[in-house]
Amino acid sequence: PNILMESIRGLKEITLFLPQKSSQCAATCVFLISCWLIFPSLCQKAEASVAYASGPVSCGSYTLENGEAEPSGPIMFPNQAHIRCNDGYSFSEAGSSVVHCQKSGQFTDGKQCIPISCGNLVVQGGIASPRGPISYPNSAHVTCIRGYKKHGSGARRCLSSG
């Protein structure tokens, strides 16, 4: 059947919930005054949920430690921002590199920027401290064991390139 949504003052969104499990039987009209929605014949009954808002929804500026978002200013619903990490940092596995401003005024989960790892410093004839992996921008210090001599400062810094 055809469903006509009339203009309603202050209307920001109409979401139709249909009983069938079909992507063809669902629709959302955002920031429209009216929507003309046509559904296939398998969509028999529809319930409408209407959301009102006093004005545009802003999620503010997206910020993340050791990275930045583009655009850098406030993001309005339903727009998005692309995030990138600073030199020496890479994305975590969880989240997305594109964050979306939701109608709730919150962003979707984005990736975090974590330090690049240089791995373990292995020194023949010496001991690195701290033990274990070293990540950007940290350093490890080398102490020589008996019979070996240190050349230079003995410090090794993890570079942004890993």
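These notes cover the structure that comes with them.

**Considering the state of the cysteines**
Applying the stated rule across the entire model yields three disulfides. Here C59 is linked by a disulfide to C101, with a sulfur-sulfur distance of 2.1 Å. Classification of the bridge connecting C59 and C101 rests on its S-S torsion, roughly 90°, and on that basis the disulfide is right-handed. Here C101 lies in the loop between β11 (98-100) and β12 (113-115) and C59 lies in strand β6 (residues 58-60), a separation of 42 residues in the sequence.

**Remarks on the sheet that holds strand β17 (residues 155-157)**
Read from one edge to the other, the open sheet built from three strands follows the order β14-β16-β17, with strand pairing classed as antiparallel. The two strands at the open ends of the sheet, each matched to only one other strand, are β14 (126-129) and β17. Here the average twist between neighbouring strands, direction ignored, is 25°. Bridge count between β14 and strand β16 (residues 139-144): four bridges; the pairing is antiparallel. Among the inter-strand pairings, I127 is bridged to a residue of β16, identified as T143.

**Regarding the environment of L159**
You can see L159 is positioned in the segment after β17. Spatially, the C-alpha atom of L159 lies 9.5 Å from that of D87, the residues being 72 residues apart in sequence. If we ignore the near neighbours within four places in the chain, the residues touching L159 are C118 and Y136.

**Concerning the pattern of salt bridges**
Under the counting rule described, the total for this entry stands at one salt bridge. The salt bridge involving E68 is made with R84; its shortest N-O contact spans 3.0 Å. Highlighted residues: E68 in strand β7 (residues 67-70) and R84 in strand β9 (residues 80-85), separated in sequence by 16 residues. Exposure remark for R84: the relative accessible area of 45% places this residue in the partly exposed category.

**A word on unusual backbone geometry**
In the segment running from E70 into P71, the intervening peptide bond is cis, with an omega of 5°. Across the junction of F77 and P78, the peptide omega takes the value 5°, indicating a cis bond. Residue placement: P78 occurs in the loop between β8 (75-76) and β9. Of note, N66 is a non-glycine position whose phi angle comes to about 65°, a positive value. Inspection of the secondary structure puts N66 in the loop between β6 and β7.

**Details of the nonpolar core**
If you look at the biggest cluster of nonpolar residues, it comprises 19 residues, and the most contacted ones within it are Y62, C101 and F107. Of all the elements, β9 adds the most residues to this core, at three residues. With residues up to four places along the chain from it excluded, the contact list for F107 reads C59, G60, S61, Y62, I75, V99, H100, C101 and Q102.

Cut-offs used in this document
Sequence order as written defines the numbering, with residues in each chain counted from 1. Reporting of local features is limited, given that this is a predicted model, to residues whose pLDDT is at least 70; pairs of side-chain atoms are given and counted only at 80 or more, and all residues count toward the totals for whole chains, interfaces and linings. Only hydrogens and water are set aside; all other atoms, that is, all heavy atoms of the structure, feed into the side-chain values. Any pair of cysteine sulfurs within 2.5 Å is marked as a disulfide. Numbered from the N terminus, helices here are DSSP runs of H or I no shorter than four residues, and strands are runs of E no shorter than two. The pairing criterion for strands is at least two bridges between them, as found by DSSP. Here the axes come from fitting lines to C-alpha atoms, over the contacting stretch only for helices, and the angles between their N-to-C directions go from 0 to 180 degrees. Contact definition: two residues touch when any of their heavy atoms are within 4.5 Å. Salt bridge, as used here: a side-chain nitrogen of Lys or Arg that lies within 4 Å of a carboxyl oxygen of Asp or Glu. Each residue gets one of three labels from its accessible area relative to the maximum for its type: buried under 20%, exposed over 50%, partly exposed in between, using a 1.4 Å probe on protein chains only. We define a nonpolar core as any set of buried Ala, Val, Leu, Ile, Met, Phe, Trp, Tyr and Cys residues linked to one another through side-chain atoms lying within 4.5 Å.

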